[in-house]
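Residue strings, one per chain:
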Amino acid sequence: VCLLGLWLVLAGCASQPFTVAALHTPLSLQQSHNSTITASGATIDGLEHLNIVVTKGTMVSCDFDGDLPSSIPCRVNATTQGRSCIFAAGATAGQCSISVDLGPHTLVTYKVQGKARTGRIINLPAVTYAGGEPLVEAFCWWEWVVIVPVRECADSFSPLAPIWWQTDQPSSTVQREDRIDLGYYQDTDFVANAQVFSNMIGPLVANVFFNSQQPFAQDYTLNRDLFTLWRGPPGGDLDACNGSYSFNQATGAASAAAATDAEVLIHNETTDAGSSAGRGCAQLAHGGGSWVWVNHAVPPNNMVHESGHMLYGLGDEYCCDGGYSSISIPRNVFSTKAACDAAAAGIGVAASLCVQIANAAGDTASFWHVDDGQLDIMQSSRNVNSDWRDLGDRARVRLMRRCAAGDCF
Ligand SMILES: [Zn+2]
């Protein structure tokens, strides 16, 4: 059987595997810098070459839809550069890197090709990302107030800046593939400036989507082709886990949040008005918002756990002060054992695995879940060895299958 992996293209089903991968570093940095794009390839048949073609240009807001400009950016003044690395006979693995100078609000696309000595070729999907000082523009538009057109202006509008966008045509007018569009936003309560935020966001994203080493991140790493990752403009705010978010229109945050499927609002303040400092939360939704701390002990794990709430509608499975509602398909938290038993049967799991939600001390909540004894992201969110399990995993896989078929939400 010939299987084509979604992000790691495995070619040559009958003979030896041939793998090609590529990544840019830093993933997202809002200052002028040198960005390095590294391609790697491996095949026991012998690696002949790796090519990297880079298109670089200035990020601009590309159109008006009659009101505010689009949050999806365009590129102008594009130039192309590239590098080819030819490997010596006998080489079965190799790397090829190119350094790209990023000035203010630059959009870069890279395309990578690997060729084996057998003649087999792998072309990776093009990836576009943004770097350099953020684009900030002024716009005016007409808004109807009752029946009178009123001139409104914004002097600090920014579009979404891609961190990982599979396209070679960054534009608001090109038909975009349906993906889980995830935006990272600096909460208005974030302490320190955009540069500090920018320095924190890259590692957070890397540890969730480019981390094949730790179980909690492996599914998102393996399926990252189903996501488009963005850095949103400032102006998003969430003050407590009460589900009331605000996104400023003048900064572009409101348009950006409307364009993404899910929003991650990043906090880092050391004190909090409530009792929940350092603790994340999320809307129970099929595409919603969440609150994640980058100065929390394990922000990437926290982000993955919150994604369970905001992307799949999963409830908490830890005891005893979690949120025990579930709107996931299938649901993962139940108020009766009978309902849990029925759900377990639905996925072919023994009813004996339906247990009351409990902690190690033996405290229990009046809710039931399937517990297969393995570390579960919705239960043990701070453990890097946690993984998506049983009903929660079914809900995640369901959305990812829909996405792969072009219908994410
Ligand atoms: Zn939770």
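Here we summarise the structure given alongside this text. Since the model is a prediction, treat every value here as computed from it, not as a measurement.

Things to note about the pattern of salt bridges
Then step 1. What the rule picks out here adds up to 10 salt bridges.
Then step 2. For Asp 168, the salt bridge goes to Lys 111, with nearest N and O atoms at 3.2 Å. Of this pair, Asp 168 sits in the loop between strand E11 (161–164) and strand E12 (180–186) while Lys 111 sits in strand E6 (residues 106–116), and the two are 57 residues apart along the sequence.
Then step 3. Residue classification places Lys 111 among the partly exposed residues on the basis of a relative accessible area of 40%.
Then step 4. With its nearest N and O atoms 3.5 Å apart, the salt bridge here joins Arg 396 to Asp 219. Note that Arg 396 is positioned in helix H6 (residues 390–404) and Asp 219 in helix H2 (residues 215–222), a separation of 177 residues in sequence. Take Arg 396 and Asp 219: they sit in the same class, and that class is buried.
Then step 5. Counted as one network, the salt bridges with shared partners bring together Asp 219, Asp 393 and Arg 396.

With respect to the coordination of the zinc ion
Then step 1. Around the zinc ion, the protein contributes the donor atoms His 305 (NE2), His 309 (NE2) and Asp 316 (OD), which lie 2.0 to 2.1 Å from the metal centre.
Then step 2. Sequence positions of the residues that donate to the zinc ion give the spacing H-x3-H-x6-D. Residue His 305 is found in helix H4 (residues 299–312), and its partner Asp 316 is found in the loop between H4 and helix H5 (337–346); the two are separated by 11 residues along the sequence. This pair shows no difference in class: His 305 is buried, exactly as Asp 316 is.

Some thoughts on the packing of aromatic side chains
Then step 1. Taken as a whole and judged by the stated rule, the model has 13 aromatic pairs.
Then step 2. With 4.9 Å between their ring centres and 50° between their planes, Trp 165 and Trp 230 make a pair best called tilted. Of this pair, Trp 165 sits in the loop between E11 and E12 while Trp 230 sits in strand E13 (residues 227–231), and the two are 65 residues apart along the sequence.
Then step 3. In this structure Trp 165 comes out as buried when scored by relative accessible area, which is 4%.
Then step 4. When its relative accessible area of 0% is taken as the criterion, Trp 230 is described as buried.
Then step 5. Ring centres 5.5 Å apart and planes at 80° place the aromatic pair Phe 190 and Phe 197 in the edge-to-face group. Neither residue differs from the other here; Phe 190 and Phe 197 are each classed as buried.
Then step 6. Aromatic ring contacts, followed pair by pair, group Phe 209, Tyr 220, Phe 227, Tyr 312 and Trp 388 into a single cluster.

A look at the nonpolar core
Then step 1. Core analysis: the largest hydrophobic core is formed by 62 residues, its most contacted members being Tyr 110, Leu 182, Tyr 184, Phe 209, Tyr 220, Phe 227 and Ile 266.
Then step 2. Per element, the largest residue contribution to this core is 6 residues, and it comes from helix H1 (residues 194–209).
Then step 3. Counting 13 residues, the second largest nonpolar core, distinct from the first, contains Leu 160, Trp 230, Leu 238 and Ala 256.

A few points about the pairing of strand E2 (residues 33–43)
The two faces of the sheet receive side chains in turn, since in a regular strand these alternate between them.
Then step 1. By the alternation rule, side chains of E2 split into His 33, Ser 35, Ile 37, Ala 39, Gly 41 and Thr 43, which are all buried, and Asn 34, Thr 36, Thr 38, Ser 40 and Ala 42, of which none is buried.
Then step 2. Bridge count between strand E1 (residues 18–25) and E2: 8 bridges; the pairing is antiparallel. What sits directly across from Thr 25, in E2, is Thr 36.
Then step 3. Bridging between E2 and strand E5 (residues 93–102) involves 10 bridges; their strand directions are antiparallel. Bridging from a neighbouring strand, Ile 37 pairs with Ile 98 of E5.

Reading guide: rules and limits
- Sequence order sets the numbering: in each chain, residues are counted from 1 along the sequence as written.
- Two thresholds apply to this predicted model, a pLDDT of at least 70 for residue-level local features and 80 or more for giving and counting side-chain atom pairs, whereas whole-chain, interface and lining totals are computed over all residues.
- Side-chain metrics rest on all non-hydrogen atoms present in the structure, leaving aside hydrogens and water.
- A carboxyl oxygen of Asp or Glu within 4 Å of a side-chain nitrogen of Lys or Arg is what we treat as a salt bridge.
- Put simply, DSSP H or I for four residues or longer makes a helix, DSSP E for two residues or longer makes a strand, and each gets a number counted from the N terminus.
- Buried means the residue's accessible area, taken with a 1.4 Å probe over protein chains only, is under 20% of the maximum for its type, while exposed means over 50%, and partly exposed covers the values in between.
- Keep in mind that water is not among the atoms, so a site may look incomplete; donors are the N, O and S atoms within 2.8 Å of the metal, or 3.2 Å for Na, K and Ca.
- Pairing of aromatic side chains here covers Phe, Tyr and the six-membered ring of Trp, requires ring centres within 6.5 Å, and sorts the geometry by plane angle: under 30 degrees stacked, over 60 edge-to-face, intermediate tilted.
- Nonpolar core, defined: a set of buried Ala, Val, Leu, Ile, Met, Phe, Trp, Tyr and Cys residues in which side-chain atoms within 4.5 Å join the residues together.
- One requirement defines pairing of two strands: DSSP has to find at least two bridges between them.

Just geometry here; none of it tells us what the structure is for.
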